[in-house]
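Coordinate inspection notes
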Amino acid sequence: GAVVSQHPSRVICKSGTSVKIECRSLDFQATTMFWYRQFPKQSLMLMATSNEGSKATYEQGVEKDKFLINHASLTLSTLTVTSAHPEDSSFYICSAPRDPNYGYTFGSGTRLTVV
Amino acid sequence: DAKTTQPTSMDCAEGRAANLPCNHSTISGNEYVYWYRQIHSQGPQYIIHGLKNNETNEMASLIITEDRKSSTLILPHATLRDTAVYYCIVGSNYQLIWGAGTKLIIKP
């Protein structure tokens, strides 16, 4: 149980275009979703926290106008990378808490390559 | 900054127990110790977590020192598929800060 489905797993886009990444909680309600970015050989860096029905909270240094997060329902959160540039190429991962103190379920990640 | 310190890398022979240490000397009273692992180009996988008691599940055992300043993850019979980066994280109320982790390589 407690699966987070993330799509797409890989995407290649041209500079200047936008890419949407979706994360769905399949068998539980995710009132909160965390979005991470991971560059090669580095650890996960929290980008933002989305909450169903309210605005996302962004970490320092993350441009909220560039990384649009929408948490439209209790089972769906999306991250849109707008006007993508090659430096946005990274591995993006979403995560939702299973219950307050039980850990977190992660999506399988999205490998974004901007050319 | 990450609240944990882990070795950068470790090797372990297949079939042997893999013991991964983690220091978390600044852990607060209400913070849990979580262990995750990440196989290349995949999302992290939950392994185990604990507050102050030792824990065991089908994947691993977690040994937490009495002062809670360090812990050890034990994979009892390592297989080649256990090769991954293992992250020790402390946190609570959904606040997790990821360190660099330990790259565990299981050798045949």
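Everything below is about the structure printed above this text.
The structure reproduced in this document is the subject of the present report. Keep in mind that what you see is a predicted model, and the values were worked out from it rather than measured. (Residues numbered from 1 in each chain as written. Chains lettered and ligands numbered in written order. Predicted model: local features only at pLDDT ≥ 70, side-chain atom pairs only at ≥ 80, totals over all residues. Heavy atoms only, no water.)

1. Describing the overall build of chain B
Going by this rule: Each helix is a run of DSSP H or I of at least 4 residues and each strand a run of E of at least 2, with the numbering of both proceeding from the N terminus. The buried label goes to any residue with under 20% of its type's maximum accessible area, the exposed label to any with over 50%, and the partly exposed label to all in between, with areas taken from a 1.4 Å probe on protein chains only. In this analysis, two residues are considered to be in contact whenever any of their non-hydrogen atoms come within 4.5 Å of each other. Method for areas: the Shrake-Rupley scheme with a 1.4 Å probe, in which residue coverage is limited to the protein chains shown.
Counting its secondary structure elements, chain B contains zero helices and ten strands. Order of helices (α) and strands (β) in chain B, N terminus to C terminus: β-β-β-β-β-β-β-β-β-β. For the C-alpha atoms alone, the extent of chain B along its principal axes is close to 40 × 25 × 20 Å. Within the span of chain B, comprising 108 residues, buried residues form 45% of the whole. By sequence separation, contacts in chain B at least 24 residues apart represent 54% of the contacts at least 6 residues apart. For chain B, the exposed surface amounts to about 5600 Å²; the carbon and sulfur share of it is 48%.

2. A look at the state of the cysteines
Inclusion rule: Disulfides are defined in this document as cysteine sulfur pairs within 2.5 Å.
Here the structure, examined in full by the defined rule, presents two disulfides over all chains. Residue pairing for C22(B): its cysteine sulfur links by disulfide to C88(B), the two sulfurs lying 2.1 Å apart. With the S-S bond torsion at -80°, the cross-link from C22(B) to C88(B) turns out left-handed. With C22(B) in strand β2 (residues 18-23) and C88(B) in strand β8 (residues 84-92), this residue pair connects regions lying 66 residues apart in the sequence. Side by side, C22(B) and C88(B) carry an identical accessibility label, which is buried. The thiol of C13(A) is unpaired, and the distance to the nearest cysteine sulfur, on C23(A), comes to 17 Å. The exposure class assigned to C13(A) is buried, which follows from its relative accessible area of 9%. Left without a disulfide partner, C12(B) is nearest to the cysteine sulfur of C22(B), which lies 18 Å away. By relative accessible area, which is 11% here, C12(B) ends up buried.

3. Let's talk about the interface of chain B and chain A
The condition is simple: Here the buried area means the combined drop in accessible surface, using a 1.4 Å probe, for two parts upon being joined, counting both sides. Each reported salt bridge corresponds to a side-chain nitrogen of Lys or Arg within 4 Å of a carboxyl oxygen of Asp or Glu. Pairs of N or O atoms are called polar contacts if they sit within 3.5 Å, as long as, within protein, a hydrogen donor faces a hydrogen acceptor (for residues adjacent in sequence, only side-chain-to-side-chain pairs).
Between chain B and chain A, the contact holds 18 residues from the first and 20 residues from the second. Roughly 1600 Å² is buried in total at the junction of chain B and chain A, and carbon and sulfur atoms are behind 54% of that figure. Seen at the junction of chain B and chain A, the total is zero salt bridges. Inspection of the chain B/chain A interface yields six residue pairs in polar contact (both at pLDDT 80 or more). Listing elements by their share of the side of chain B that touches chain A, those giving two or more residues are β3 (32-38), β4 (45-50) and β9 (95-96) of chain B. Ranked by residue count, the leading element in the side of chain B that touches chain A is β3(B), at four residues.

4. Quick word on the packing of aromatic side chains
For any pair of aromatic rings, the description consists of the separation of the ring centres together with the inter-plane angle of the planes. Selection rule: In summary, the pairing rule links any two rings of Phe, Tyr or Trp, Trp by its six-membered ring, whose centres are within 6.5 Å, and it sorts them by plane angle into stacked for under 30 degrees, edge-to-face for over 60 and tilted for everything else. Counting as a charge over the ring demands two things of the Lys NZ or Arg CZ atom: a distance within 6 Å of the ring centre and an angle within 35 degrees of the ring normal.
Under the counting rule described, the total for this entry stands at eleven aromatic pairs over all chains. Measuring from ring centre to ring centre gives 5.7 Å for Y36(B) and Y46(B), while their planes differ by 75°; the resulting arrangement is edge-to-face. Remark: Y46(B) occurs in strand β4 and Y36(B) occurs in strand β3; sequence separation between them is ten residues. Comparing Y36(B) with Y46(B) shows no difference in burial state: the two are buried. Taken together through their ring pairs, the aromatic side chains of Y36(A), F106(A), Y36(B), Y46(B), Y87(B) and W98(B) make up a single cluster. Positioned over the ring face of F67(A) is K66(A), at 6.0 Å from the centre of the ring.

5. Some points on the layout of surface pockets
This is how the line gets drawn: Grid spacing is 1 Å over the protein atoms alone, the probe is 1.4 Å, and a cavity is where that probe fits but cannot get out, while a pocket is an open set with protein on both sides within 12 Å along at least five of seven lines and lining residues have an atom within 4 Å of a point. Grid points are joined across faces, edges and corners, and a volume is the space filled by probe spheres set on the points. Put simply, Ala, Val, Leu, Ile, Met, Phe, Trp, Tyr, Cys and Pro go in the nonpolar bin, Asp, Glu, Lys and Arg in the charged bin, and everything else, Gly too, in the polar bin.
Taken as a whole, the largest pocket holds about 550 Å³ of empty space. The wall of the largest pocket is formed by 22 residues, among which Q38(A), K41(A), Q38(B), H40(B) and V85(B) lie closest to the centre. Residue composition of the lining of the largest pocket, grouped by class: nine nonpolar, ten polar and three charged.

6. Re the sheet that holds strand β8 (residues 76-81) of chain A
Residues and elements named next belong to chain A. What counts, and what does not: A strand pair is defined by DSSP finding two or more bridges across the two strands. Only the stretch in contact is used when a helix axis is fitted, and all axes are lines through C-alpha atoms; the angle between N-to-C directions ranges over 0 to 180 degrees.
The antiparallel open sheet is built from four strands, whose spatial order is β1-β3-β8-β7. Lying at the two open borders of the sheet, with one neighbouring strand each, are β1 (4-7) and β7 (67-73). Ignoring which end each strand starts from, the neighbouring axes of this sheet average 15° apart. Alignment of β7 against β8, held across five bridges, turns out to be antiparallel. When the sheet's bridge partners are listed, F67 is paired in β8 with V81.

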